[in-house]
Amino acid sequence: MKKRKIILDCDPGHDDAVAILLASSYEEIDLCALTIESGNQALEKTSRNALNLVQYLSLDVPVAKGEAKPMVRDAQICPEIHGESGLDGYEFPPLYKKCVKQDAVTLLKEMLTKDEYTIVATGPLTNIGVLLKKYPEVKNNITEIVLMGGSIGFGNVTPAAEFNIFCDPEAADIVFTSGIKVTMIGLDVTRKILITNKINEEIKNINNKVSALFYPLMKVFIENQKKVFGFDGAPLHDPATIVYLVKPEIFKTKFMNVTIDVSKGPSYGRTNCDQFDYLKLKKNAFVVLDVDVDAYFEEIKNCIKKY
């Protein structure tokens, strides 16, 4: 079986952590690198979280520290959801893993000069935007960009904008206008996949090293989502990108034109998804519209059981 080579660009983050453990568990995926940026917390914290996860999961994967702030706007972080550390809920053992010497954009350039990869993006798109602006020639070796971000309908930080896109709309604009195959999994779908206390207890009962990490992280994640949004569960946004790569049949997608609002007005960061082709513009993104929620959580449970 030929594995799909992926680079996971992320800002860990509770749901990013689940994306990392899924990517490392699937036989169909070859997780080749983690590139990190600010987002859920500041860069130093998201980088440390990535290293802690790689060490805890015993992964032999390079971790490269990337962009500390967006291309144009001021940095945005989300401590009300992810806590002071960006990954509140678990006390990791002493950290000995270190980031590679290359920064994330340099590592991406080096890897994409030599081989083809799918880029999975679960945070702001800053690293990828900077990469494509500095080294546009590498896009020929990007098979696809599968990202969690955006929304057809509503936002989660403004009425219009979802957090990952809102953090760096200019980088998102570069990605969506790049001509690279883009698959977008937005809030319309990810807010349907709520991990509840009941599901979290079921995963706790798997009773292995990963469930022992997963349970307390999700407990905090669920509590914070309740405080901020009033949800009776936490949307597992980011792991949807990984499940999509392996089980696309449990998702419904539609090819459409997507533009990013970079006007800096009230809709700054909105993903304008022309689902019904009103504007007759060139289609540039596969947008996920729906997911089989039960099948999604079965995938997560099955992956955790592999450890």
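In this text, all values refer to a predicted model and were calculated from it rather than measured experimentally.

J.: Go over the environment of Ile199, please, and point to the residues and values.
T.: Take Ile199: it is sitting in helix H9 (residues 197-204). By relative accessible area, Ile199 is classed as buried at 14%. Residues Ile199 and Phe297 lie 98 residues apart in sequence; the distance between their C-alpha atoms is 8.4 Å. Leaving out residues up to four positions away in the same chain, Ile199 has contacts with Leu194, Phe297 and Lys301.

J.: Describe the environment of Glu162, and please don't skip the residues or the numbers.
T.: Relative to the helices and strands, Glu162 resides in the loop between strand S5 (142-148) and helix H6 (163-167). A C-alpha to C-alpha distance of 21 Å links Glu162 and Phe276, two positions 114 residues apart in sequence. Residues within four places of Glu162 in sequence aside, it is in contact with Met148, Gly149, Gly150, Gly155, Asn156, Val157 and Leu187. Side-chain polar atoms of Glu162 contact the backbone nitrogen of Gly150, separated by 2.8 Å. In this structure the side chain of Glu162 is engaged in a polar contact, spanning 3.1 Å, whose partner is the backbone nitrogen of Ile165.

Thresholds applied
Residues numbered from 1 in each chain as written. Predicted model: local features only at pLDDT ≥ 70, side-chain atom pairs only at ≥ 80, totals over all residues. Heavy atoms only, no water. Helix = DSSP H or I, 4+ residues; strand = E, 2+ residues; numbered from the N terminus. Buried < 20%, exposed > 50% of the residue type's maximum accessible area, 1.4 Å probe, protein only. Contact = heavy atoms within 4.5 Å. Polar contact = N/O pair within 3.5 Å; in protein donor to acceptor, adjacent residues only side chain to side chain.

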